[in-house]
Amino acid sequence: MSIHYVLRRLAIMVPIFFLVVTLVFFMIRFAPGGPFSSEKSVSPAILKNLEAKYHMDEPLLSQYVRYWKDLLRGDLGPSFKHANRTVNEIIQEALPVSLELGLLALTWAVVIGIAAGGMAALKPNTVYDYVPMAFSILGICLPTFVVGPVLVLVFGLWLQWLPVAGWETWQDRVLPSLTLGFAYAAYISRLTRGGLIEIRGQEFIRTARAKGLTEQEILIKHSLRGGLLPVVSYLGPALAGIITGALVTETIFNIPGLGRFFIESAVNRDYTVVMGTSLLYFTLIFICNFLVDLVYAVLDPRVKYV
Amino acid sequence: MKPLLSIQDYKAHFYTRRGIVKAVNGITYDVYPGKTLAIVGESGSGKSVSQLSYLGLLPAPPLKIMGGTVQFEGRDLLKMKEDDLRKIRGDKISMIFQEPMTSLNPYLKIGSQLIEPLVIHRKQNKKEAWKAATQSLERVGISRPSHAMESYPHEFSGGMRQRVMIAMALTTEPKLLIADEPTTALDVTVQAQILDLLKSIQKETQMAMILITHDLGVVAGAADEVVVMYAGRVFETGSVDDIFYRSEHPYTRALLRSTPRLDKLEKELPVIPGSPPDLIAVTEGCPFYERCSYQKEICKTEFPKESTLGPKHKRFCHAEKLS
Ligand SMILES: Nc1ncnc2c1ncn2[C@@H]1O[C@H](COP(=O)(O)OP(=O)(O)O)[C@@H](O)[C@H]1O
Ligand SMILES: [Mg+2]
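Cut-off values and rules
Residues numbered from 1 in each chain as written. Chains lettered and ligands numbered in written order. Predicted model: local features only at pLDDT ≥ 70, side-chain atom pairs only at ≥ 80, totals over all residues. Heavy atoms only, no water. Phe/Tyr/Trp six-rings, centres within 6.5 Å; stacked < 30°, edge-to-face > 60°. Helix = DSSP H or I, 4+ residues; strand = E, 2+ residues; numbered from the N terminus. Buried < 20%, exposed > 50% of the residue type's maximum accessible area, 1.4 Å probe, protein only. Lys NZ or Arg CZ within 6 Å of the ring centre and 35° of its normal. Salt bridge = Lys/Arg side-chain N within 4 Å of Asp/Glu carboxyl O. Pairing = 2+ DSSP bridges. Near = heavy atom within 4 Å. Polar contact = N/O pair within 3.5 Å; in protein donor to acceptor, adjacent residues only side chain to side chain. Areas by Shrake-Rupley, 256 points an atom, 1.4 Å probe, with all protein chains shown as cover. Nonpolar A, V, L, I, M, F, W, Y, C, P; charged D, E, K, R; others polar.

**Q** Looking at this structure, I do not really get the packing of aromatic side chains. What am I missing?
**A** Any aromatic ring pair is given by two values, namely how distant the centres are and how the planes are angled relative to each other. Scanning the entire structure with this criterion turns up 22 aromatic pairs over all chains. Taking the centre distance of 6.5 Å and the plane angle of 70° together, the rings of A:Phe17 and A:Trp68 count as edge-to-face. Of the two residues, A:Phe17 sits in helix 1 (residues 3–30) while A:Trp68 sits in helix 3 (residues 60–72), which places them 51 residues apart along the sequence. Taking the centre distance of 5.8 Å and the plane angle of 55° together, the rings of A:Phe80 and A:Tyr271 count as tilted. Here the residue A:Phe80 occupies a position in the loop between helix 3 and helix 4 (87–122), and A:Tyr271 occupies one in helix 12 (residues 271–299), the gap between them amounting to 191 residues. A:Phe80 sits in the buried class, given a relative accessible area of 8%. Pairwise contacts between aromatic rings join B:Tyr230, B:Phe235, B:Tyr251, B:Phe288, B:Phe303 and B:Phe316 into one cluster. Geometry around A:Trp167 places A:Arg173 over its ring, the cationic atom sitting 4.3 Å from the centre.

**Q** I tried to follow the pattern of salt bridges on my own but got confused; where do I start?
**A** Where charged atoms from two side chains of opposite charge approach closely, those side chains can pair. Scanning the entire structure with this criterion turns up 27 salt bridges over all chains. For B:Arg246, the salt bridge is made with B:Asp242, and the minimal N-O distance between the two is 2.8 Å.

**Q** What is the right way to read the pairing of strand 6 (residues 93–96) of chain B from this model?
**A** Residues and elements named next belong to chain B. Both faces of strand 6 are covered, namely the face carrying Ile93 and Met95 and the face carrying Ser94 and Ile96. Pairing between strand 6 and strand 7 (residues 176–180): four bridges, direction parallel. Looking at the pairing, isoleucine 93 lines up with leucine 176 of strand 7.

**Q** Sorry if this is basic, but what is going on with the site of ligand 1 here?
**A** All names here are of chain B. Around ligand 1, 14 residues are found, and the nearest of them are Gly44, Gly46, Lys47, Ser48 and Val49. The contact in question runs from an oxygen atom of ligand 1 to an N or O atom on the backbone of glycine 44, over 2.7 Å. Between an oxygen atom of ligand 1 and a main-chain N or O atom of glycine 46, the distance comes to 3.1 Å. Protein coverage of the free-state accessible area of ligand 1, which is 570 Å², stands at 67%. If you list the elements that add at least two residues to the shell around ligand 1, you get strand 1 (5–16), strand 2 (19–31) and helix 1 (47–52). By residue class, the composition of the shell around ligand 1 is six nonpolar, six polar and two charged.

Below is the structure:
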């Protein structure tokens, strides 16, 4: 892979980023209501003061330019709703929580998904195939807002094994990450099964057998790399989906992550927080996909990015 | 001379949802060290299955071995445990396949695939095996072999990949090389080069070779003996000359007529009338019966017994002398 490719990939990012900033900036401002419209008790004088403090009395275009100036210095501005807190502070606090939740969910989705799919692929059309694949159908069909409450009901309320809200101990991590990862584990198990079955039908697997390799060597050396490529290319969208999907999970389990701030800020028209979290999501998704493409090129020698 | 491989009345079927595919229905022949036996027949006549099945290279089920013996160096491969058979594969018996484009793993360097037989069977360490494998690439005519070891299969043409396959099959100096349509996917000029290469290596090493092909042209240049197969049965065996000049089987003759020849320029080659047999519907009779111009009542119900026509020449046919 060439350095040109990397540079070009990064260069494409610039106009897209510009577009995202512009779109989100104007869309949220043209949406009905504003950050202070719900506060009916506020007198017109105070409202004027507030608007002046946040530069909302200026023309939209100069607000937009001001936002860019701050953004290029890495300053995402003050929150309109959380008095005395900046968006940078909010992100610094909430992002690690969301990342931890997302990575936990992805890790176990990958581990369980590959193990289940691998088992199914090695013994297709047996009980080792049917059982994991039945679970996988469930996982793909059931939305997070069903899986979450069901897990809460069973493991939290009936069995009382695990806490159902909060983000302090390791036990707090279990149910949310399971909830968030479930659908991804399900999908990854299907991709693993399909990828491995396809690879194991290839002629070079027969060549490997003809050379006298053991079944274990054939699986590890000759099947996994090609068979797991579909999983690798799915990791980008999966990470993106997990990061944005954490929204629902964070709400169900009352976790102080980014998703909660994002929803809350959109409802409250907390302009700067909406902007900050959107841009952060965008950047994370871009980085995930980029990294996955790089890994893919390393795994498949036929892929050449020029 | 004692045969290296002796196949006796060997039968192998597939039990599929559509029915029993009777791919190999009692075949008998011997393979001798230093000699090449060609197996010819239309595609779908069970040539590949007749070899791959006893080596454990086909999924079982659906494959089921129905009887017979396959003696290699005096041991019956059919009675061997899978792990013992695996130790013979790629060591004493090597294979090369039809599709050089797909028979190598696209995700692994040529070198790391080439050293595997030596690492597994000769217990060589990677470094020794790498050196030996590089030499074997040189031997099959690959220029810059050290560079080739570090390359990936997609960087090579079909002919070059088939050379790599041959090099890989030969690293352990096998007693028997089974080549399943090794030139079918290649250009004509490359075909000749590959066959020459196989012949010259055989001369050096005295290995035996089974050459599977549907192309009689390949047989003429490369084989010592020929087995003509049809619907999982052997129809005729003999030396190359027996088959090309003294064939006494209607199917062999039809096959010869449908092969282009250099000494006769024909506008259109006659094709064998009728369609190749459905291996599910194989009966006790001769499977060529319906397409045969010498057909008799007995052909319908009874497969002919072996009749000897010369020291090596045998046929299975009810017909009197062919015209
Ligand atoms: N894995 C399999 N399952 C079922 N039938 C098979 C399988 N492999 C081969 N066959 C059948 O066995 C018959 C003989 O095939 P093959 O030996 O490949 O023919 P040839 O090599 O002479 O072209 C064909 O009818 C083919 O469909
Ligand atoms: Mg074949």
